[in-house]
Amino acid sequence: MSELDTRRPDPRAVIVTAGAAGIGRSIAAAFAQAGDRVHICDIDEAALTAATAELTAAGGTVSGQVCDVSDEEAVRAFVADAAQRLGGIDVVVNNAGIAGPTCLVEEMALADWQRVLDVNLTGHFLVTRESIRHLKRSESGSLVFISSLGGRHGYPRRAPYAVVKRGILALVETLAMELGEHGIRVNAIAPGLVDGERIQQVMAGRAQAAGVGVEEVTAQALALQSLKYMVDPADIGALAYFLSSPAARSISGQTIGIDGASRSIA
Ligand SMILES: NC(=O)c1ccc[n+]([C@@H]2O[C@H](COP(=O)([O-])OP(=O)(O)OC[C@H]3O[C@@H](n4cnc5c(N)ncnc54)[C@H](O)[C@@H]3O)[C@@H](O)[C@H]2O)c1
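In this text the structure is predicted, and so the values were computed from the model without any measurement.

Digging into the overall build of the protein chain
Next, step 1: Across its full length, the protein chain holds nine helices and seven strands.
Next, step 2: At 18 Å, the protein chain has a C-alpha radius of gyration in line with the 18 Å of a compact globule built from 266 residues.
Next, step 3: Its C-alpha atoms give the protein chain principal-axis dimensions of about 55 × 45 × 40 Å.
Next, step 4: Going through the 266 residues of the protein chain one by one, you find that 50% of them count as buried.

Quick word on the packing of aromatic side chains
Next, step 1: In the structure shown here, the tally under the stated rule is two aromatic pairs.
Next, step 2: Where Y155 meets Y161, the ring centres are 6.0 Å apart and the plane angle is 75 degrees; that geometry is what we call edge-to-face.
Next, step 3: Looking at Y155, the relative accessible area reads 10%, which means it is buried.
Next, step 4: Positioned above the aromatic ring of Y161, the side-chain terminus of R158 is 4.5 Å from the ring centre.

Brief notes about the nonpolar core
Next, step 1: Residues I15, I89, L143, F145 and V186 are the most contacted members of the largest nonpolar core, which totals 30 residues.
Next, step 2: Excluding residues within four positions of it along the chain, I89 makes contact with A13, I15, V79, A82, A83, H134, L135 and S138.
Next, step 3: Membership of the second largest hydrophobic core comes to 29 residues, among which are V14, A20, V38 and A240.

Things to note about the site of the ligand
Next, step 1: I23, D42, N95, Y161 and R198 are the nearest of the 26 residues found near the ligand.
Next, step 2: In this structure, an oxygen atom belonging to the ligand sits 2.5 Å away from a side-chain N or O atom of D42.
Next, step 3: Between the ligand and N95, the relevant distance is 2.7 Å, taken from an oxygen atom to a main-chain nitrogen or oxygen of the residue.
Next, step 4: Listed by contribution, the elements that provide at least two residues to the shell around the ligand are α1 (22–33), α4 (110–135), α6 (159–179) and α7 (197–210).
Next, step 5: For the shell around the ligand, the residue count by class is 14 nonpolar, six polar and six charged.

Concerning helix α2 (residues 45–57)
Next, step 1: Counted at 1.5 Å a residue, the expected span for α2 with its 13 residues is 18 Å, and the 18 Å between its end C-alpha atoms agrees.
Next, step 2: Every buried residue of α2 is listed here: A47, L48, A51, T52 and L55. Here the buried residues of α2 occupy an arc of 125 degrees about the axis, which is enough to place them on one side. Residues of α2 that are exposed and point over 90 degrees away from its buried face: E45, A46, T49 and A57.
Next, step 3: On the buried face of α2, the contacting elements are α1, β2 (37–42) and β3 (61–66).
Next, step 4: Between a side-chain oxygen at the N-terminus of α2 and the backbone nitrogen of A46 the separation is 3.2 Å; the capping residue is D44.
Next, step 5: Two residues or fewer after α2 comes G59, characterised by a positive phi angle close to 105 degrees.

Details of the pattern of salt bridges
Next, step 1: With the rule as written, the count across this model stands at nine salt bridges.
Next, step 2: The closest approach of N and O atoms between R76 and E130, which form a salt bridge, is 3.7 Å. On the criterion of sequence distance, the pair formed by R76 in helix α3 (residues 72–86) and E130 in helix α4 is long-range, its members being 54 residues apart.
Next, step 3: A relative accessible area of 6% means that E130 is categorised as buried.
Next, step 4: A salt bridge links E130 to R133; its shortest N-O distance comes to 3.5 Å. Taken together, the residues E130 and R133, both in helix α4 and three residues apart, mark about one turn of the helix.
Next, step 5: A relative accessible area of 45% means that R133 is categorised as partly exposed.

What counts, and at which threshold
- Residues numbered from 1 in each chain as written.
- Predicted model: local features only at pLDDT ≥ 70, side-chain atom pairs only at ≥ 80, totals over all residues.
- Heavy atoms only, no water.
- Helix = DSSP H or I, 4+ residues; strand = E, 2+ residues; numbered from the N terminus.
- Rg over C-alpha atoms; globule rule 2.2 N^0.38 Å.
- Buried < 20%, exposed > 50% of the residue type's maximum accessible area, 1.4 Å probe, protein only.
- Phe/Tyr/Trp six-rings, centres within 6.5 Å; stacked < 30°, edge-to-face > 60°.
- Lys NZ or Arg CZ within 6 Å of the ring centre and 35° of its normal.
- Core = buried A, V, L, I, M, F, W, Y, C linked by side-chain atoms within 4.5 Å.
- Contact = heavy atoms within 4.5 Å.
- Near = heavy atom within 4 Å.
- Polar contact = N/O pair within 3.5 Å; in protein donor to acceptor, adjacent residues only side chain to side chain.
- Nonpolar A, V, L, I, M, F, W, Y, C, P; charged D, E, K, R; others polar.
- Expected span 1.5 Å × (residues − 1).
- Arc of directions from axis to C-beta.
- Salt bridge = Lys/Arg side-chain N within 4 Å of Asp/Glu carboxyl O.

In structure tokens:
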């Protein structure tokens, strides 16, 4: 038995996908505030410039690069540039994920279905594949994937989203088996309702589909939780940081829910 060394680890090299806004930005902030060097990607160049400037002004070491995670060549360049800029890669946070269509399967266009798979699942595969050789050289390699409560219980009118978010769990369990011998840990975070712009759009979509007000669908959603408030994105940043820290050195292949003790997504 040994005492766990809980001192802050040496600054690590961290990449976060879709880090310019929302949950990804909060995750980038959590690592940057702890002294890690962070390289983020996003498709929104203006948001990327603003986020890197703000996080740097707050004392972090944060850089950014335009990259659509579903574009194989762009991902190759993003990961290679990150490794060069940061001198390696210790932590990868696969956060990018679009909401996709809100409709029944029988009404769904193939292009809408395919886009969700391309961004939310193939994107994670591409970033991970390109990062593994760098993670193998790290002494503290960690991969964190952002799944969703919607991947655990099914998600009416959001079929492709539910499919990719459950697919991430299979990818995480498989990668944990493949990479454990290299000391690389792989875990997923499954958020429920997260406060922010995105959830407002989701609630608006549900309200429109049901023909009721946004307040009503929001109240219905919170009624499914034990804690009657939405998750703060900063709490997801803190959880991603913990899962990549020495305090979580024996945790791999897991999915950690952060959902106010929710019984269902909808
Ligand atoms: N918001 C929620 O309630 C919630 C709940 C559960 C899980 N999640 C998951 O958390 C993750 C982040 O969600 P969010 O609400 O912060 O998202 P968001 O919609 O706020 O988007 C965050 C960023 O992603 C970028 N982005 C979009 N497509 C991209 C692409 N192809 N490549 C690179 N960047 C791209 C956007 O430009 C934006 O800056 C997603 O995987 C989402 O599915 C969110």
